[in-house]
There are 4 protein chains.
Amino acid sequence: MKVASLVFLSVVSLPALAQQPTIAGKWTLTLDTFGTATTWPLTVEQKGDHITGDYAGDKLEGTLKDGKLTFHAKDPGGDGYEDVTATVSGDTITGTMIWAQNMTVAHPTTHTFKAVRNVPSSASSAPPKTHEFTPTVFRRQYSSAYEPVLTVNPGDTLHTWTVDAGGNDPSGTPRSLGGNPQTGPFYVNGAMPGDTLVVHIRKLRLNRDWAMSTNGIVPRANTPALAAKSQNKVDTVRWHLDLANNIATPEKPGPHMQHYSVPVRPMLGCVAVAPGDASGPGIRTGDSGGFGGNMDFNEVNEGATVLLPVRVPGALLFFGDGHAVQGDGETTGDALETSLDVTVQVEVLKGKRIPGVFVDNDTHIMAVGLDGSIDQAFADATETMFAYLEQEYKLTPQEFAMVLGTAAEYKISEAADRNAGVVLKMAKSKLATLTKPAPTQPAPATH
Amino acid sequence: MKVASLVFLSVVSLPALAQQPTIAGKWTLTLDTFGTATTWPLTVEQKGDHITGDYAGDKLEGTLKDGKLTFHAKDPGGDGYEDVTATVSGDTITGTMIWAQNMTVAHPTTHTFKAVRNVPSSASSAPPKTHEFTPTVFRRQYSSAYEPVLTVNPGDTLHTWTVDAGGNDPSGTPRSLGGNPQTGPFYVNGAMPGDTLVVHIRKLRLNRDWAMSTNGIVPRANTPALAAKSQNKVDTVRWHLDLANNIATPEKPGPHMQHYSVPVRPMLGCVAVAPGDASGPGIRTGDSGGFGGNMDFNEVNEGATVLLPVRVPGALLFFGDGHAVQGDGETTGDALETSLDVTVQVEVLKGKRIPGVFVDNDTHIMAVGLDGSIDQAFADATETMFAYLEQEYKLTPQEFAMVLGTAAEYKISEAADRNAGVVLKMAKSKLATLTKPAPTQPAPATH
Amino acid sequence: MKVASLVFLSVVSLPALAQQPTIAGKWTLTLDTFGTATTWPLTVEQKGDHITGDYAGDKLEGTLKDGKLTFHAKDPGGDGYEDVTATVSGDTITGTMIWAQNMTVAHPTTHTFKAVRNVPSSASSAPPKTHEFTPTVFRRQYSSAYEPVLTVNPGDTLHTWTVDAGGNDPSGTPRSLGGNPQTGPFYVNGAMPGDTLVVHIRKLRLNRDWAMSTNGIVPRANTPALAAKSQNKVDTVRWHLDLANNIATPEKPGPHMQHYSVPVRPMLGCVAVAPGDASGPGIRTGDSGGFGGNMDFNEVNEGATVLLPVRVPGALLFFGDGHAVQGDGETTGDALETSLDVTVQVEVLKGKRIPGVFVDNDTHIMAVGLDGSIDQAFADATETMFAYLEQEYKLTPQEFAMVLGTAAEYKISEAADRNAGVVLKMAKSKLATLTKPAPTQPAPATH
Amino acid sequence: MKVASLVFLSVVSLPALAQQPTIAGKWTLTLDTFGTATTWPLTVEQKGDHITGDYAGDKLEGTLKDGKLTFHAKDPGGDGYEDVTATVSGDTITGTMIWAQNMTVAHPTTHTFKAVRNVPSSASSAPPKTHEFTPTVFRRQYSSAYEPVLTVNPGDTLHTWTVDAGGNDPSGTPRSLGGNPQTGPFYVNGAMPGDTLVVHIRKLRLNRDWAMSTNGIVPRANTPALAAKSQNKVDTVRWHLDLANNIATPEKPGPHMQHYSVPVRPMLGCVAVAPGDASGPGIRTGDSGGFGGNMDFNEVNEGATVLLPVRVPGALLFFGDGHAVQGDGETTGDALETSLDVTVQVEVLKGKRIPGVFVDNDTHIMAVGLDGSIDQAFADATETMFAYLEQEYKLTPQEFAMVLGTAAEYKISEAADRNAGVVLKMAKSKLATLTKPAPTQPAPATH
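Calculation rules
- Residues numbered from 1 in each chain as written.
- Chains lettered and ligands numbered in written order.
- Predicted model: local features only at pLDDT ≥ 70, side-chain atom pairs only at ≥ 80, totals over all residues.
- Heavy atoms only, no water.
- Helix = DSSP H or I, 4+ residues; strand = E, 2+ residues; numbered from the N terminus.
- Buried < 20%, exposed > 50% of the residue type's maximum accessible area, 1.4 Å probe, protein only.
- Contact = heavy atoms within 4.5 Å.
- Areas by Shrake-Rupley, 256 points an atom, 1.4 Å probe, with all protein chains shown as cover.
- Least-squares fit on C-alpha atoms with pLDDT ≥ 70 in both.
- Phe/Tyr/Trp six-rings, centres within 6.5 Å; stacked < 30°, edge-to-face > 60°.
- Buried area = accessible area lost by both parts, 1.4 Å probe.
- Salt bridge = Lys/Arg side-chain N within 4 Å of Asp/Glu carboxyl O.
- Polar contact = N/O pair within 3.5 Å; in protein donor to acceptor, adjacent residues only side chain to side chain.
- Axes fitted to C-alpha atoms, helices over the stretch in contact; angles between N-to-C directions.
- Left-handed = near helix turned anticlockwise from the far one by under 90°.
- Nonpolar A, V, L, I, M, F, W, Y, C, P; charged D, E, K, R; others polar.
- Pairing = 2+ DSSP bridges.
- pLDDT = per-residue confidence, 0-100.
- Expected span 1.5 Å × (residues − 1).

A. Region of interest: the overall build of chain A. What chain A contains, in helices and strands, is 5 helices and 29 strands. Dimensions along the principal axes, computed over C-alpha positions, put chain A at roughly 85 × 50 × 45 Å. For chain A, buried positions account for 59% of its 447 residues. A sequence separation of at least 24 residues applies to 68% of the contacts in chain A between residues at least 6 apart. Accessible area of chain A: about 16,100 Å², with a carbon and sulfur share of 53%.

So this is what it looks like as structure tokens:
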């Protein structure tokens, strides 16, 4: 767990500044909430000494004098309030907050905090760079508690590799316990909650000649009749990966599969940002959600782009769980698990929050629904695609229904893990005939 | 309801035949079971007067003398038995059965019956024919209680048309109540329970310039958030079908859909055989099941073949519910509903029972799972595809799991009706590398 | 199928009446819609010759002169209309309707019809009566196509018996094919679409000393692990019913069940009204829906009351499928199936439509959710209970949520059949503290 | 994350012992697996210097001489092996393991470990004790990474309190972020993986006069129709808890709820053991699984006993999320959330692994099914109950089916959280007539 004291080590007394600092603008405030760091948006307007603005939805008013900031913020819909006393130093504000929550307004609690300015990343003017990164630790939770392994700028490209789902590296050496250990997390400068992280998969290549899988069928795809017939038996199965011809064949095929072979189509089973506290201190890497994660969607491959809503400062990108090839749903529980060479380029859409996890390729925009049952994931994908088309085209629910009814392509993407996955694909050729509203919002993608 | 008396109208006294008839072979026996006609398989071996064989799993022994047949059949695993007294006349046996069931063996009941010989249809040697058929009644149940509107031979082609789901014909005149009224049923000579009916869709074309749909979202695809936003309102929407350019456009588009258009892709929402008694006296045409029916699968279009397990003599083919174009799942409840011109060619696979409903086209063999939830339809499609690959390739469950895990394509085909639908598609290019066992069974497709 | 000609046999030419008949009031009109009888509400106001009113939501205006009625009705929200020409004779109107539907207004069709007055049943003033009824036919569809076996008045009591689910009577003699053959249908005078049929189960008793069941587990309750262990094998199992002590014991128990016994608790697996055309010409008796049917809810026993929304004139009450005892969900597929002695009393709530199927007993009011999955049945039961509490107490959705959150009892009632069942039970003791609005509507229960 | 170095701080050099130590018996070995501590069972037989036994399923053979232990263990079904070099000191073995896994046998890795003897807890002979415990930290993950707050012996009783789900204590002061912060974890001496932790809830009482809830309906229980009606709006609702009369009433009731009141029935929404590594480094306290957790089952109240399969040494008991009263399923998302006074007594069933999470009270034994959908939780509860009755009574699957079919009571216990919950209740009065096999296994419950 992220220890709050580490966060605040840099809090030191500063001499009063001669000149009045300008704090107008947007900030991200990190609060020590009973030992857990949580982040909140702060917007400040400044007129002389007078400060107004918004803290996490509460209206604030106060004073900034000689680098000392005090304000009182109030929930317009309730009794709750915050009283802040802090010191401004450049792009950093540190101090103390007395917090009275609506339900327990008679019992305020006191917390330390640090806020940093949401400046357009100074790095964004730097020329894009390609990073060569060799991983040495592999993470088994999506969590903001881990130190980033590398910091990159929007527009940068990253070349690295992933261990397989069992933790084995390209040479076949175990490097981690299993359960989809991840490469990362990577801190993306300037990515803040409310933004979208864009992950372009520029290259995704095999880097060893074998993969591990099973010959079982996951419970969701199984039936009593099939289980009675198979005795529900599952063995580990090794596949040979022919790197020259890009085909996979079982190493010890049964009688009817002596000549069975399938073309490989490498994919990343997991791509994620850190989930943030809303989902608790961390989530195991076999799981998935609105932060991405173990989606096992077989169109997350070379040439595709994954879009993820940023939840913590720096986004904290993780990826792993490479599959040489996988049928829809990963019905064997383990697909053809292997290590992979990965090249991704990252971008940040500032101020634009994509309403779910999306995958984009040449032909389709795709909403990923992830939930406890396929039925629910199906409805989730539909709702998510509506939110996207409402955002992009201002479609009404009724207009959306008409587009959906004539253009929807629904694929069952994941059946192996805790969340089932359904992907709703919309062909760009069909969306192209929709009328896009005049762009009133700037939508300023960095790079 | 099929009235038993109609079935047995032809039962007349016949003079005893001078010559001993040969009854060896397979028969289909239609029994008056408390007012409902049910069909049962009868297999007879004959040695002089001595008769042995199998009646619906019971071992039989008896005598055939002077055209009078008597036999006693006995359940090898229970107490139940049948005592038959009957008259043979050519390819027909008529008589009386005393039936003692296992659970109520002390209380036998008496039933009349008629059996007809499962001869390879004499018609099958006839040259294939094309029938022009103009429908005048439209059926709202899949049921063997309806008189066939036409009898065709395997190999024959049938050109006709369908009303839309609301019962309106190509001219726009109402011809039936709604709920997917069907053209048919067509009796296919020689098709018997245990066989497979093969329906090749040779042509499927628009025959009017409008379709009816809605702007709603069916409950399965809907969510509380989406419903709160749409107020759950649904209106009827008319679409223009441009027959020259094969595109569909809404007649009164909303502001963001002024230029929205989609290519048409005509499909049959319903293709079915009569379900037989196992499903009760009849099933409404909005429903689906192992007999096919209202599957709303948007790949049932020109060039595709539908395979259905025959359940009653003559199969009794129904079809209807044409859609000009439909997204996966028919999420609007009504797709672009229209009348269609239909040309199908039928065949019968004698003695080969396909283990579910399948659709076949140039690139894929597809198993249709139909069940109360998408989750369950997903598992059903998997089990059905296993049964098929076991039948065709002798795959073990474990071999099947490996093929599934590398080649499965799962699509949500139906969300609008009582049964959800999931289609498991397997690319023929991938199955082509499986080793097919030497053909021990003849699999004699007529034609 | 209900043959329209039977309905209209009584249409005869009548001499013009000297006196102007009074047709003001409510009528139920039965229309020959392309061979299928459908029923529609008609409300008439009369001022001299001038007629106004409402036909199925369309505003009508016309003339009644010398017993000849003509009117034109118009869809206020569309183009559709009806032109009626008819003859009035006492409580009957017969005639012809030209019907132009909104979507096909250019193509009107012509139909014959007969309307009867929704008089408060003249029988309702008759003293309640007890009918002894011995069934001779058993129906395997819920359908309005069957002739009623008996007509009863609201308030009447009916004593009869049911065969078991396999069709065997109290003596053990087969009387029908299986699949839950029903006793009935019973026509209830005065029950009209829009009313509620109330079925009080006054007595429900065993009438033979054995029941038939299985030792299997239905697919919904089964898992791959359990199926692999059981080999998915199912045998028929006979239970002895000790009528003196009201306990059930297996006839041939396995080693661990030598002394296993359970108290009997007889229940009706099926209680239904005819579904009406909305569900098609008929529904097999193994199925269920908003009309009731095969719900397999083990609290439908002596002392309970079943409430069903009337869908066709006379309601057409069916019941059957007695179980000596059944665990929740009927997980064996067949419960302890037996024949039963049944005494029910029927009532009609005129003008009050219960928003789903309900069961009522001394302690609880219970909403029955029936749908393709347990998840969906759970949500359905919730929505149905909301509609009831909104109707009875004017609860807002938010108030309902609070009551639900503190008082809901959810039971899984049905897992064996096509629809899963979830029952939401609300204790009357908890609802008793809600504030009931002043009764503005009469809610005139007959009896 | 549990830091391995902490685990091994006590590893110190020890002088060679003059006398040969006896290491025969059962041990629990904690391995530093790439930075994560995992535990494995070790069983040793000793004959002079010669050591044989079993390590996590692998057969081992080696030598113990002068306190130095070396052994080689081998997977009987594969190529994998372990080579161990260690030092024995009393009830502790510390050393190094070379581990070659089956799939990567050519690439062994080296790990440090510490093993401790599974002695019957020496404390178990101590007289049971009651601990007064005042919590100061509240955990938001079920995790073995936290230091235990207290160590107790089997048989001991523990009196403490819990904050509410939002983190507020009995005085109403916030003490933690929300999301069901837990009291604990408590280390239970002698509890080892493979045992069962028994948690008797001796007292469960309100300790403040208010609770927080909502007036919304969770998505699982919601429908498009209900959501369109409620606008899907949810507000926070405060309830007054009348501690004298044990009833709850809304503080600001709507018009129809002016007199609404319900009896309180305090319950623990969460009871858990640490999940162990199989579920990753930790699981947030809003979640549930085979380790218990946020089950929200309203029969976890005073007088009930919760049984949990132990997964890590000491079990690590957590509890929290008190509800003053809750309808089935916690349909409001938040029940009547409040702090509670809690008295529990713990026991350990050594060597007996309960096959899932169970709750036991005077009348019923109850299996808790937890899964992504209600349908799946229903099947899980069934499988879990089978495993229990197989364990206890040696029931075959077919015998189980008969008991289930006559005695099952299924309740929907949880609809609010990620896992749905279904509880299968079996009345002890019905199980009492089953024939229990002669006790061959000792089942030595401590205390």
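What follows picks up the thread again.
B. Structural detail: the relation of the copies chain A and chain B. Of the transformation superimposing chain A on chain B, the axial component is 0.0 Å and the angular component is 180°, with the fit at an RMSD of 0.1 Å. The superposition operator between the copies reduces to a two-fold rotation axis. Within chain A, K411 of chain A has its C-alpha nearest the rotation axis, a separation of 2.3 Å. Both copies contact each other with a shared surface, as 100% of the interface residues of chain A are interface residues in chain B too.

C. Fine view of the relation of the copies chain C and chain D. With an RMSD of 0.1 Å, the operation that places chain C on chain D is a rotation of 180° combined with a shift of 0.0 Å along the axis. By residue overlap, the copies meet face to face through one surface: 100% of the interface positions of chain C are interface positions in chain D.

D. The packing of aromatic side chains, seen in detail. Per the stated rule, a full pass over the model turns up 44 aromatic pairs over all chains. With centroids separated by 5.3 Å and ring planes inclined at 55°, the aromatic side chains of F386 of chain A and F400 of chain A adopt a geometry described as tilted. Taken together, the positions of F386 of chain A in helix α3 (residues 374-393) and F400 of chain A in helix α4 (residues 397-407) put the pair 14 residues apart, joining distant regions of the chain. With 5.6 Å between their ring centres and 85° between their planes, Y142 of chain B and F318 of chain B make a pair best called edge-to-face. Here Y142 of chain B is found in strand β10 (residues 141-142), whereas its partner F318 of chain B is found in strand β24 (residues 317-323), with 176 residues between them in sequence. Y142 of chain B sits in the buried class, given a relative accessible area of 0%. Overall, F318 of chain B belongs to the buried group, its relative accessible area being 0%. One aromatic cluster in this structure is built from W40, Y55 and W99 of chain A.

E. Structural context of the interface of chain A and chain B. Taken together, the contact pairs 68 residues of chain A with 68 residues of chain B. In total, about 5,700 Å² of surface goes out of reach between chain A and chain B, with carbon and sulfur atoms giving 64% of it. Interface area lost by chain A to chain B is led by H256, M402 and T406 of chain A, which between them contribute 13%. Remark: the boundary between chain A and chain B carries 2 salt bridges. Ionic pairing is found between E390 of chain B and K229 of chain A, a salt bridge with its closest N-O pair at 3.0 Å. The interface formed by chain A and chain B contains 31 residue pairs in polar contact (both at pLDDT 80 or more). Within the residue set of the side of chain A that touches chain B, elements represented by two or more residues are α2 (224-230), β16 (236-242), β18 (262-263), α3, α4 and β28 (409-414) of chain A.

F. Looking closely at the packing of helix α3 (residues 374-393) of chain D against helix α4 (residues 397-407) of chain D. All names here are of chain D. Closest axis-to-axis distance for the α3/α4 pair is 10 Å, and the angle between their directions is 115°. Crossing angle aside, the handedness with which α3 passes α4 is right-handed. Residues T382, M385, F386 and L389 of α3 lie in contact with α4, whose contacting residues are P397, F400 and L404. The residue makeup of the contact of α3 with α4, split by class, is 6 nonpolar, 1 polar and no charged.

G. Representation of the pairing of strand β17 (residues 247-250) of chain C. All names here are of chain C. Covered by surrounding structure in β17 are A248 and P250 only, the residues I247 and T249 on the alternate face being uncovered. Here strand β16 (residues 236-242) folds back onto β17 in antiparallel fashion, the turn holding 4 residues, of which N246 has a positive phi close to 55°. Where β17 and strand β18 (residues 262-263) come together, 2 bridges link them in antiparallel fashion. Looking across to β18, one finds that I247 is bridged to P263.

H. Representation of unusual backbone geometry in the model. Along the chain, G184 of chain B connects to P185 of chain B via a cis peptide bond; the corresponding omega equals 0°. With respect to the secondary-structure elements, P185 of chain B resides in strand β13 (residues 182-188).

I. Region of the structure containing the interface of chain C and chain D. Facing 68 residues of chain C, the contacting portion of chain D comprises 68 residues. Summed over both sides, the interface of chain C with chain D buries roughly 5,700 Å², with 64% coming from carbon and sulfur. Where chain C touches chain D, the interface holds 2 salt bridges. The tally of links from chain C across to chain D stands at 31 residue pairs in polar contact (both at pLDDT 80 or more). Secondary-structure elements contributing two or more residues to the side of chain C that touches chain D are α2 (224-230), β16, β18, α3 (374-393), α4 (397-407) and β28 (409-414) of chain C. For the side of chain C that touches chain D, the class distribution of residues is 33 nonpolar, 22 polar and 13 charged.

J. Up close: the confidence of the model for chain A. Residue and element names in this part refer to chain A. Here chain A averages 91 in pLDDT, and 91% of its residues register 70 or above. Scored below 50 in pLDDT, residues 1-18 makes 24 contacts in the model with residues more than four places away or belonging to other chains. The low-confidence segment residues 442-447 (pLDDT under 50) makes 13 contacts with residues lying over four places distant or belonging to another chain. Prediction confidence for the complex, expressed as pTM and ipTM, is 0.92 and 0.90 respectively.

K. Seen up close, α3 of chain D. Residue and element names in this part refer to chain D. Here α3 is 20 residues long and its end C-alpha atoms lie 28 Å apart, about the 28 Å a rise of 1.5 Å per residue gives. Judged by how many residues are buried, α3 sits mostly within the fold: 15 of 20 residues are covered. K394 occupies a position one or two residues after α3 and carries a positive phi of about 60°.

L. Layout of the pattern of salt bridges. Counted according to the given criterion, the structure contains 61 salt bridges over all chains. Between R175 of chain B and D169 of chain B there is a salt bridge whose closest N-O contact spans 2.9 Å. Exposure remark for D169 of chain B: the relative accessible area of 6% places this residue in the buried category. As a salt-bridge pair, R418 of chain C and D287 of chain B come within 2.6 Å of each other at their nearest N and O atoms. Remark: D287 of chain B occurs in the loop between β20 (283-284) and β21 (288-289) and R418 of chain C occurs in the loop between β28 and β29 (420-427); the pair is interchain, linking two chains. Here D287 of chain B falls in the buried class, since its relative accessible area comes to 4%. When salt bridges that share partners are traced, they join D287 and R418 of chain A together with D287 and R418 of chain D into one network.

M. The sheet that holds strand β19 (residues 267-273) of chain A, seen in detail. Spatial strand order, β11-β13-β24-β19-β22-β21 (chain A): 6 strands in an open sheet with mixed pairing. Every other strand in the sheet has two partners, leaving β11 (150-152) and β21 (288-289) of chain A as the edge strands with one partner each.

N. Main features of the side chain of T338 of chain B. Residue and element names in this part refer to chain B. Structurally, the position occupied by T338 is in the loop between β24 and β25 (340-349). On the basis of relative accessible area, T338 is assigned to the buried category, the value being 0%. At 3.2 Å, the side chain of T338 forms a polar contact with the backbone oxygen of W210. Not counting chain neighbours up to four residues away, the residues in contact with T338 comprise V163, D164, L206, R208, W210, A211, L241, G322, H323 and A324.

O. Examining the environment of R175 of chain C more closely. The topology assignment puts R175 of chain C in the loop between β12 (157-162) and β13 (182-188). Using a relative accessible area of 29% as the deciding quantity, one classes R175 of chain C as partly exposed. With 12 residues separating them along the chain, R175 of chain C and V163 of chain C place their C-alpha atoms 7.6 Å apart. With residues up to four places along the chain from it excluded, the contact list for R175 of chain C reads F34 of chain B together with P135, T136, F138, W161, V163, G167 and D169 of chain C. A distance of 2.9 Å separates polar atoms of two side chains, one belonging to R175 of chain C and the other to D169 of chain C.

P. Highlighting the pairing of strand β8 (residues 109-117) of chain D. Residues and elements named next belong to chain D. With 5 bridges connecting them, strand β1 (residues 25-33) and β8 associate as antiparallel partners. If you follow T28 over to β8, its bridge partner there is V116. Alignment of strand β7 (residues 92-100) against β8, held across 8 bridges, turns out to be antiparallel. Pairing of T94 across the sheet is with K114, part of β8.

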